Number of protein chains: 2
Amino acid sequence: MKGIRQLAEHLDISIGTVSRALNGKPDVNEETRRRVLAAAEELGYVANQSGRSLRQGETKVIGLMIESSKETVENADNFFLGVTSGLQSVFARHKLDLVMLPCPSDEDPHEYLKRMVARRIVDAMIISDTQRVDRRIDFLSRAKIPFVALGRSLSAANFPWIDLDFEGVADHAVERLTARGHRRIAITAPSSEANLGYLFVESYRRALERHDIAFDPALVIHVKSSEQGGYQAAHELLLLEERPTAVILIYELMAIGLYRRLMESGVMPGRDLAVIGFRDAPRARFLQPSLTCFRISLYDLGVDLGRMLLANMPAYRDFYPGGERNIIWPLELMPGESDAFDVGAMV
Amino acid sequence: MKGIRQLAEHLDISIGTVSRALNGKPDVNEETRRRVLAAAEELGYVANQSGRSLRQGETKVIGLMIESSKETVENADNFFLGVTSGLQSVFARHKLDLVMLPCPSDEDPHEYLKRMVARRIVDAMIISDTQRVDRRIDFLSRAKIPFVALGRSLSAANFPWIDLDFEGVADHAVERLTARGHRRIAITAPSSEANLGYLFVESYRRALERHDIAFDPALVIHVKSSEQGGYQAAHELLLLEERPTAVILIYELMAIGLYRRLMESGVMPGRDLAVIGFRDAPRARFLQPSLTCFRISLYDLGVDLGRMLLANMPAYRDFYPGGERNIIWPLELMPGESDAFDVGAMV
DNA sequence: ACGCACTCCGTAAACGTTTACGAATGTATG
DNA sequence: CATACATTCGTAAACGTTTACGGAGTGCGT
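Source: prediction; values computed, not measured. Per chain, residues are indexed from 1 in the order of the written sequence. All chains are assigned letters beginning at A, and all ligands numbers beginning at 1, according to the order in which they are written. Only residues with pLDDT of at least 70 are given local features in this predicted model, and only at 80 or more are side-chain atom pairs given and counted; all residues enter the totals for whole chains, interfaces and linings. Computation of side-chain values covers all heavy atoms of the structure but excludes hydrogens and water.

(A) Quick look at the protein's contact with DNA strand D. We call a residue near a molecule or strand whenever a single non-hydrogen atom of that residue lies within 4 Å of it. If you check the shell around DNA strand D, you find 28 residues, and the closest are T32 of chain A together with I4, K25, Y45 and R55 of chain B. Within 4 Å of the protein, the contacting atoms of DNA strand D are drawn from sugar and phosphate to the extent of 61%. Between N or O atoms, a polar contact is any pair within 3.5 Å; within protein, one atom must be a potential hydrogen donor and the other a potential acceptor, and residues adjacent in sequence are included only when both atoms are from side chains. In this structure, a phosphate oxygen belonging to DNA strand D sits 2.5 Å away from a side-chain N or O atom of Y45 of chain B. Between DNA strand D and R52 of chain B, the relevant distance is 3.0 Å, taken from a phosphate oxygen to a side-chain nitrogen or oxygen of the residue. Put simply, Ala, Val, Leu, Ile, Met, Phe, Trp, Tyr, Cys and Pro go in the nonpolar bin, Asp, Glu, Lys and Arg in the charged bin, and everything else, Gly too, in the polar bin. A class-by-class count of the residues in the surface near DNA strand D yields seven nonpolar, 12 polar and nine charged.

And the structure:
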C-alpha cells in the first residue's frame, strides 16, 4: 500500500473524500465512510506521518526526555517506565504517541532538546531531572513549545511542573525518628546540580528545625545515588566522631551498599542505625532488614503529568479544563524493619 | 526562523543552493557554503524533519522498541539505557537519532510495531525481548524494514540478531559449581514465552549433561524475574524434599528477595547454598554476601547492535562491510562470595 | 574565434497529506 | 416554479524540503 492516492483509486473516489472519511470529518456520507474504512483496513493503509506532519505542522508525538548519563545508567530503575504507562494511558485517547528521548551523555541536554524540537520530531516535551537553573525551561517557554517538567526549577517564574513532596517526606521521616528518640539524623545528597538534591536537603533542614534539632552540615553526606554511593555513605558515616543514630537515603537502592558497609563493621542496620529510604520501592521490603521507605504511585503520576501537558496544548486544552499548573506529589510511607532502632530505650 | 526559504531570502541566494550547501553536496562554492552555514547558525535554522522525510522517504530516526509491561517495569534495570549509549555513539556519526518506543502493556507488541513503522516514525527498528515465535520478526522481514533483534527467535531462518552466550554462562557456572562438589543445581526461569528463558534453561540442561548430572525438572523454578520472584524461588526451593545445594538466577536483582527468604529460614547464602547470578551486575558486589555474577558490557553490546543494524540499511551498508549477521555475546564472570559454599568438604 | 569541459547556481517538480473552496445534487420553502 | 439551503464530493493549493535538469559564466586547448 503506497498512499492515500492508491486507496482513492481503488475505491474510485477522490483523494480528498478519502482523507475526510478517515479523519472523521462531518461532510462525508456514512456509507462512503464505511467503505473507505473497510478498504483501508483491508489494504493495511496507514497515513504517512511525514506528509501529515508537513501539512498540519504537528507530529502527534510527545517526547519524554531522559538523561542517559553514566550515573543515571548506574542507578536506573523503573522510574521512567512506570511513569510512561500512565502517560500513554492519557495520550492514547487522543491518538498521540510517546517516544522516549535519551540524551547522550556527551551532549549538552539543552542542545539536544533544541535539536529535537527544531527537527520537529515532537510536538511537546516532558523534561525531567531539572537542574536548579535549567536553560531548557527558559528555551521551551520562550519558544512556546508546550511542556511539563518533572521537578521544580528556579529558571522561570511560572511553568507547569509536578514535583515530589520533599517537605512532607522529610517531616514524616524526622517525626518518626524523633519519636523514637533520634537526634542525630544524617542524610545523603547527590553532588550534582539537580534541584531534587537541593530541595531534599532543604526540606530536611527545615524539618529538623521544626523539631528543635540544630542542623549539622557534617551530617549531609554527598555521594552518588547508587549502591556504590550507599557503600561510600556508610563509610563516611562510620568515620564521623559523633556518629548519627539514623540516616535518610535519597534513593532506595543505596541501602544495598549501605547495609553491606555497615555489616562489614559489625553495625546492624535497623538495630544500631535507623535507615529510611526515599522514592519508589517495591523492592525495599525484600531487603534484609526490610527498608522503611516512601513510595510513589508512578502510574498515577504519569497520568497527571499527561493531563497537565495536554492542558497546555491548544489543540487539547478543552479536554482538561481548570487543571492546576503545579502539583506537589504526595508519597506514602511503607513501614519496614530498617528504622526499628529505638534510641529512647538507651537514654 | 521559519524555513529554508527565509534563510535563502536573507542570503539572497536560491533555496536550492542553500539546501545543497547545508547538505554538503559537491556542486557549491566553498565561499557560498561558508556563508550559508554561518547564517544558519546565526539564525538558528534547523531543517524541518517532516519536509525532509516526505521528500526523501526516510526519517533519520531509529527506534528501539521496549516492553513496558508490568513485569518489565518491576524488574527494570539499567539494561536499555546502557545499550542506548553504545547505540548512540554509532548513530551519531551518521546524524541518526535514536528514540525509545515503549510498547504500552495493553497493546499487542506486534500491532504497536506495525503502527510505528506504518506511520513512518522510524526508518529502522531494534527489537528486544524476542519471543520463541515472534510475529514482529516475520513482519519486519517481509516488509523489508531494516532491523536487528536483541535475542534469537524461531520465527525466521535468517535474520540479524545479537544474543547472549547462554551456553557459555551455563557451562561456566556448572563447571564452577561441580568443581566444588555440587550435584544438585537449581535454576530460575521466567514463565513467559520469552526465548531468553527457554534458551537459558536449555543451556543449563546441556551443561548438566556434559558434567554427567541428570536433569531434574523439579529443579527448574518458574518465577518472575524480580525481587519478589527471588523471594518466591527461595520459598519453593526450601520446600523441595531433596534440597539443592546451589541455584543459578536468571536475573541478578532476584538475589535480594532470595537472600531474604533464605535468611528467614536460617539458611545462609554462600555458606548453606551457593548462588550465581546472571546479567549485568555492578550492584552484585554490594549485596551481602556479594553475588557471583556474569556481567555484560552494555555499551559495547550497543555499539555492535548499532553497527549490525546499519550494515543492513542500504544507505549505510558501505560503512560496515563484512559484518557478521549474528553474534553470540560473551559474558564475564565476576567472582563473589555467594558461591563459596564447598560441598566437597562435606562428602 | 570556436568548441568543450567544468564550476556554480536557479528553476521547478515531487514527496503524501489536509483543507478551503466551490460544484453538483437533492430537498424544503416561498 | 424559482429560490434557498443542506448534503456530499471533487479540485487544487499548500506545507518544507531535496534533487534532476539545464543555464550562465569561466578557462582552456585547438
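(B) How the structure looks around the packing of helix α1 (residues 4-11) of chain B against helix α3 (residues 30-43) of chain B. All names here are of chain B. Axes here refer to lines fitted to C-alpha atoms; in helices the fit is confined to the stretch in contact. Angles between the N-to-C directions go from 0 to 180 degrees. Helix and strand labels come from DSSP, where a helix needs a run of H or I of at least four residues and a strand needs a run of E of at least two; each type is numbered from the N terminus. Where α1 meets α3, the closest approach of the two axes is 10 Å, and the angle between their N-to-C directions is 120 degrees. What the angle tells us is that α1 and α3 run oblique. As for how α1 packs across α3, the hand of that crossing is right-handed. For the pair α1 and α3, contact is made by L7, H10 and L11 and by R35, V36, A39, A40 and L43, respectively. The residue makeup of the contact of α1 with α3, split by class, is six nonpolar, one polar and one charged. For classification purposes, angles smaller than 35 degrees are called roughly parallel, those larger than 145 roughly antiparallel, those between 65 and 115 roughly perpendicular, and all remaining angles oblique. For any helix crossing, the convention is left-handed if the near helix is rotated counterclockwise from the far helix by under a right angle, and right-handed if that rotation is clockwise. Two residues qualify as a contact provided that any one of their heavy atoms is within 4.5 Å of a heavy atom in the partner residue.

(C) Representation of the confidence of the model for chain A within the structure. Averaged over chain A, the pLDDT score is 91; the fraction of residues at 70 or greater is 95%. A score between 0 and 100, pLDDT records how confident the predictor is in each residue. Low pLDDT, under 50, characterises residues 72-76 of chain A; the predicted model gives this stretch 19 contacts beyond four residues in sequence or across chains.

(D) Broad picture of the nonpolar core. Joining through side-chain atoms within 4.5 Å is the link that ties buried Ala, Val, Leu, Ile, Met, Phe, Trp, Tyr and Cys residues into a set, and such a set is a nonpolar core. Any residue under 20% of the maximum accessible area for its type is buried, any over 50% is exposed, and the rest in between are partly exposed; the area is computed with a 1.4 Å probe on protein chains only. Ranked by size, the top nonpolar core spans 174 residues in total, and within it F91 and L258 of chain A together with F91 of chain B carry the most contacts. For F91 of chain A, the contacting residues outside a window of four places in its chain are I62, L96, L98, I126, G306, L309 and L310 of chain A. Counting 41 residues, the second largest nonpolar core, distinct from the first, contains M65, V117, I127 and F147 of chain A.

(E) Spotlight on the sheet that holds strand β12 (residues 332-334) of chain B. Residues and elements named next belong to chain B. Taken in spatial order, the six strands make up an open sheet running β7-β6-β8-β9-β10-β12, and their pairing is mixed. This sheet does not close on itself; its edge strands, each paired only once, are β7 (220-222) and β12. Shown here is a sheet whose adjacent strand axes are inclined to one another by a mean of 20 degrees, direction ignored. Examined bridge by bridge, strand β6 (residues 185-189) and β7 share three bridges and lie parallel to one another. Along β7, the bridge assignment pairs I187 with V220. Sheet contacts for helix α10 (residues 195-210): β6, β7 and β8 (246-248); angle to β6, the most-contacted strand, approximately 165 degrees. Strands are labelled as partners when DSSP assigns at least two bridges between them.

(F) Representation of the interface of chain B and chain A in the model. Taken together, the contacts link 57 residues of chain B with 57 residues of chain A. For the pair chain B and chain A, the summed buried area comes to about 4,700 Å², and 57% of that belongs to carbon and sulfur atoms. Per-residue buried area on chain B facing chain A is highest for R119, R260 and F286 of chain B; these three make up 17% of the total on that side. Definition used for salt bridges: Asp or Glu carboxyl oxygen within 4 Å of a side-chain nitrogen of Lys or Arg. Counting across the chain B and chain A interface gives six salt bridges. Measuring nitrogen to oxygen at the nearest pair gives 2.7 Å for the salt bridge that ties R260 of chain A to E337 of chain B. Linking chain B to chain A there are 19 residue pairs in polar contact (both at pLDDT 80 or more). Listing elements by their share of the side of chain B that touches chain A, those giving two or more residues are α4 (49-56), β1 (61-67), α5 (70-74), α6 (79-91), β2 (97-103), α7 (109-118), α11 (227-239) and α12 (254-264) of chain B. The greatest single-element share of the side of chain B that touches chain A, amounting to seven residues, is contributed by β2 of chain B. For the side of chain B that touches chain A, the residue count by class is 26 nonpolar, 17 polar and 14 charged. Note: buried area is the sum, over both parts, of the accessible area (probe 1.4 Å) each one loses when the two are combined.

(G) Quick peek at the side chain of S153 of chain B. Residue and element names in this part refer to chain B. Locating S153 in the fold gives a position in the loop between β4 (147-150) and β5 (161-164). A distance of 3.0 Å separates the side chain of S153 from the backbone oxygen of R132, its partner in a polar contact. Within the local environment of S153, its side chain forms a polar contact with the backbone nitrogen of S155, the two atoms lying 3.2 Å apart. Not counting the four nearest positions on each side in its chain, S153 is found in contact with T130, Q131, R132, V133, D134, I137, F159 and N195.

(H) Broad picture of the packing of α11 of chain B against α12 of chain B. Residue and element names in this part refer to chain B. Contact geometry of α11 with α12 gives a least axis separation of 6 Å together with a crossing angle of 40 degrees. Comparing the axis directions of α11 and α12 gives the class oblique. Crossing of α11 against α12: the hand is right-handed. Across the interface between the two elements, E227, G229, G230, Y231, A233, A234, H235 and L238 from α11 touch M254, I256, G257, L258, R260, R261, L262 and E264 from α12. Its residues assigned to classes, the contact of α11 with α12 shows eight nonpolar, four polar and four charged.

(I) Inspection of the domain arrangement of chain A at higher detail. All the domain ranges listed were derived from an automatic or database domain assignment. Each domain of chain A was delimited in the assignment, giving domain 1 (4-47), domain 2 (61-159 + 297-329) and domain 3 (166-296 + 333-346). A C-alpha centroid distance of 61 Å is found between domain 1 of chain A and domain 3 of chain A.

(J) Geometry of the pattern of salt bridges. This structure, assessed with the given rule, holds 51 salt bridges over all chains. With its nearest N and O atoms 2.9 Å apart, the salt bridge here joins R210 of chain B to D171 of chain B. Pair noted here: R210 of chain B is in helix α10 and D171 of chain B is in helix α9 (residues 166-178), with a separation of 39 residues, a long-range link. Among the residues examined, R210 of chain B registers a relative accessible area of 44% and is labelled partly exposed. The structure contains a network of salt bridges with shared partners spanning E167, D171, E202, R205, R206, E209 and R210 of chain A.

(K) Structural view of the sheet that holds strand β7 (residues 220-222) of chain A. Residue and element names in this part refer to chain A. The strand order across the open sheet formed by six strands is β7-β6-β8-β9-β10-β12, and the pairing between neighbours is mixed. Two strands bound the open sheet, and with one partner strand each, they are β7 and β12 (332-334). Between one strand axis and the next, the sheet turns by 20 degrees as a mean value, whatever way the strands run. As paired elements, strand β9 (residues 274-277) and strand β10 (residues 292-295) share two bridges and run parallel to each other. Note on β10: the bridge partner recorded for I276 is T292. Helix α10 (residues 195-210) contacts β6 (185-189), β7 and β8 (246-248) of the sheet and is inclined by roughly 165 degrees relative to β6.

(L) Molecular detail of the protein's contact with DNA strand C. Within the structure, DNA strand C sits among 28 residues, and I4, K25, Y45 and R55 of chain A together with T32 of chain B are positioned closest to it. Of all DNA strand C atoms lying within 4 Å of any protein atom, the proportion belonging to sugar or phosphate reaches 61%. Contacts to DNA strand C include S19 of chain A, whose side-chain N or O atom sits 2.7 Å from a phosphate oxygen. With respect to DNA strand C, the side chain of D27 of chain B contributes an N or O atom lying 3.3 Å from a base nitrogen. Listed by contribution, the elements that provide at least two residues to the surface near DNA strand C are α1 (4-11), α2 (15-22) and α4 (49-56) of chain A together with α2 (15-22) and α4 of chain B. Residues of the surface near DNA strand C, tallied by class, amount to seven nonpolar, 12 polar and nine charged.

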